[in-house]
Amino acid sequence: MNNSVKKTIGFSNFKAFGENVQTFSQKPITLIYSPNSVGKSSVIHAIAYLHHLIQGGNPDLYATNRLGDTINLGGFKNFVHKHETDRDIVFRINIDDARDLFNEYMKLGQNKTLYCYDLDRLNNYLFHESGTSVGVKIKIGISHDEADDMLSTEVSYFIDDKWIFKIDYLPSKSKIKINSEHQLADLIWNSKYTSFSIKNPLPLNYKTILNEEYDEVIFGVEFFSIPKDLVKKRGVESSHNYKVFRENSLFLISYLNKIIFSQYNHTTNEGTPPFDYLAPLRFYPEREFSIKSANLAKDYRSGEPISSENAWYFLGEKYVIGEIVNEWLSDANKLATTYKIRHLKLVDLKSIEDLMQTQDFNNLSNDEKIKQLLSKVESEKLVFQDLKKGVEINNRDLGLGISQVIPILVAANAYSNTTVAIEQPELHLHPKAQCELADEFIRAYHKEGNSFILETHSEHLLLRIMKRMRQTASGVMQDELLKLTPADVCLLYIDTDEDVPLIKELSLSESGDLLDIWPNGFFEERLNERFDFNDK
């Protein structure tokens, strides 16, 4: 994620949040604080829903484990504000000055499959001196154009706060609207056509737009059929004009998609999940739970988001994760235990006995016999051992804090360029370990490119983050993987106004000082408890 430009996200009419758009910055580490039952989880659910939409998911989302631990939203009628189905849920993503992102896009060669003779003119417009803001608005609501009042999605693309495309995606048809008054509108119509192809699908399941003709195209407020009336209107005799229009408009849409949705990993390499979610009550293995590679029902290395249950399988599948967990188990500043993960090879003794009794086996050389015997290793079992006592420890005897932090360590480090949302990451951890967990998030951000959305009550997480910012600003921080600046951290507090939740973004200085006052005296309990002499 490029942090040199300001990226914001906003949403409205989702769950407890009403029609007033709630806006906050998109940064690698986001901490969300508030009293209980105000709306912290709703913010995470809104972001999870947005990721779900961008990946082409059904907008009428019920329960899904596609995002890690199951999120059960209960369908549009349940999570639209006040259950009023005449409302539209709206998301807005905006980038204030996208020049750096455009430049990254061009340097990476992601446009090698996109050809347009007027690309230089497009870039000149997008890179003008004042910078170019780009954005997208995603609106989900009931469409009365459909016989059964089906959900529809409208996506509007903005350049310099002026919309240029609006795409309606309905269950039965799709249509595109183009703003003829936008300065780039003539580029869509007049660019010379060469060729066009896209490697990655557009968001919100718009794959069909690349392969099928639109049912109708709207220019301004007038409707035209394709291609006869459209060609006549534009004064071009060749019906090839439709293809010119279609390819150049899709070119610009794809160009904007790659910029706007880059932070949502819309175009990440295959095998990398875009979003992981860990619920506050994470999987606690039963006593008979056994971590064996042979027991894997699915190959979790294929890119499936990590749940708090399948995170345990990563300990057996990915040794680097086991090393991180072992370091946490032994470090005096973290869990400070005498436990360690061990990998045991399991064999089928009966099959070995049968093999050794065969004449063919006895005729083999010693090296060949060893190879034959090793081929009978059935699986690998992961166990926890107490190094001090020399005994194997069952999952249930590790302690609840260990079981709750293991999925977090896996989710933070198993993949790259993934957004990981975690509710109550500090659950069952002592204060020192909570501070170390903050460092784990910072390292994973720098090393793996992961970003984190943390719904928390932990003051210790924030204090460690402030400390790393202070050390970075003073120049004493030498470890590149622990450096932090205000561009890396978003601090949110969910406040209420007449029982209506509002998201407030609190500012941090370069040296990690809080520039805003905590609303409602949040985190002032320590002073109150020590110095308040009232008898209440």
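Numbers given for residues are sequential positions, taken from 1 along each chain in its written order. Side-chain atom pairs in this predicted model are given and counted only at pLDDT of 80 or more, local residue features only at pLDDT of at least 70, and totals for whole chains, interfaces and linings cover all residues. Calculation of side-chain values draws on the structure's entire complement of heavy atoms; hydrogens and water are dropped beforehand.

## Focus on the side chain of S458
In this structure, S458 sits in the loop between β19 (451–455) and α16 (459–474). The cut-offs for exposure are 20% and 50% of the maximum accessible area for each residue type, with area from a 1.4 Å probe on protein chains only; residues under the lower value are buried, those over the upper are exposed, and the others partly exposed. Given the relative accessible area of 3%, S458 is considered buried. N or O atoms within 3.5 Å of each other form a polar contact, as long as, within protein, one can give a hydrogen and the other can take it, and as long as residues adjacent in sequence are counted only when both atoms are side-chain atoms. A polar contact of 3.2 Å, which involves the side chain of S458, links it to the backbone nitrogen of H460. Segments assigned H or I by DSSP are reported as helices when at least four residues long, segments assigned E as strands when at least two residues long, and all are numbered from the N terminus.

## Structural notes on helix α11 (residues 349–356)
Among the residues making up α11, those that are buried are S351, I352 and L355. Mapping the buried residues of α11 onto a view down its axis gives an arc of 100 degrees, with all of them on the same face. Picture the helix axis, draw a direction to every C-beta atom, and the arc is the one those directions span.

## Observations concerning the packing of helix α15 (residues 431–448) against α16
Working note: a packed helix pair is described by the angle between its axes plus the distance between those axes. As a packed pair, α15 and α16 sit with axes 8 Å apart at the nearest point and diverge in direction by 55 degrees. Taken as axis vectors, α15 and α16 run oblique relative to one another. Taken as a pair, α15 and α16 cross one another with a handedness that is right-handed. Taking contact as the criterion, the partners of P431, Q434, C435, E436, L437, A438, D439, F441 and I442 in α15 are, on α16, H460, L461, R464, I465 and R468. Following the grouping adopted for this structure description, the nonpolar residues are Ala, Val, Leu, Ile, Met, Phe, Trp, Tyr, Cys and Pro, the charged ones are Asp, Glu, Lys and Arg, and the polar ones are all others, Gly among them. Along the lines of polarity and charge, the residues of the contact of α15 with α16 split into 8 nonpolar, 2 polar and 4 charged. Note on geometry: axes are lines fitted to C-alpha atoms, helical ones only across the stretch in contact, with angles between N-to-C directions running from 0 to 180 degrees. Angles below 35 degrees are treated as roughly parallel, those above 145 as roughly antiparallel, those between 65 and 115 as roughly perpendicular, and all remaining angles as oblique. The handedness criterion is simple: a crossing whose near helix is rotated anticlockwise from the far helix by less than a right angle is left-handed, and one whose near helix is rotated clockwise is right-handed. The contact criterion used throughout is that any non-hydrogen atoms of two residues lie within 4.5 Å.

## So, the packing of aromatic side chains
Stacked, tilted and edge-to-face are the three classes assigned to paired rings of Phe, Tyr and Trp, where Trp is represented by its six-membered ring and a pair needs centres within 6.5 Å; plane angles under 30 degrees give stacked, over 60 edge-to-face, the rest tilted. Across all of its chains, the model carries 13 aromatic pairs by this definition. Taken together, a centroid distance of 6.4 Å and an interplanar angle of 85 degrees make the contact between F11 and F14 edge-to-face. Across the pair, exposure class does not vary: F11 and F14 are buried alike. Geometrically, the ring pair formed by Y493 and W518 is edge-to-face, given 6.1 Å between the ring centres and 70 degrees between the ring planes. Here W518 lies in the loop between β21 (500–506) and α17 (525–531) and Y493 lies in strand β20 (residues 489–497), a separation of 25 residues in the sequence.

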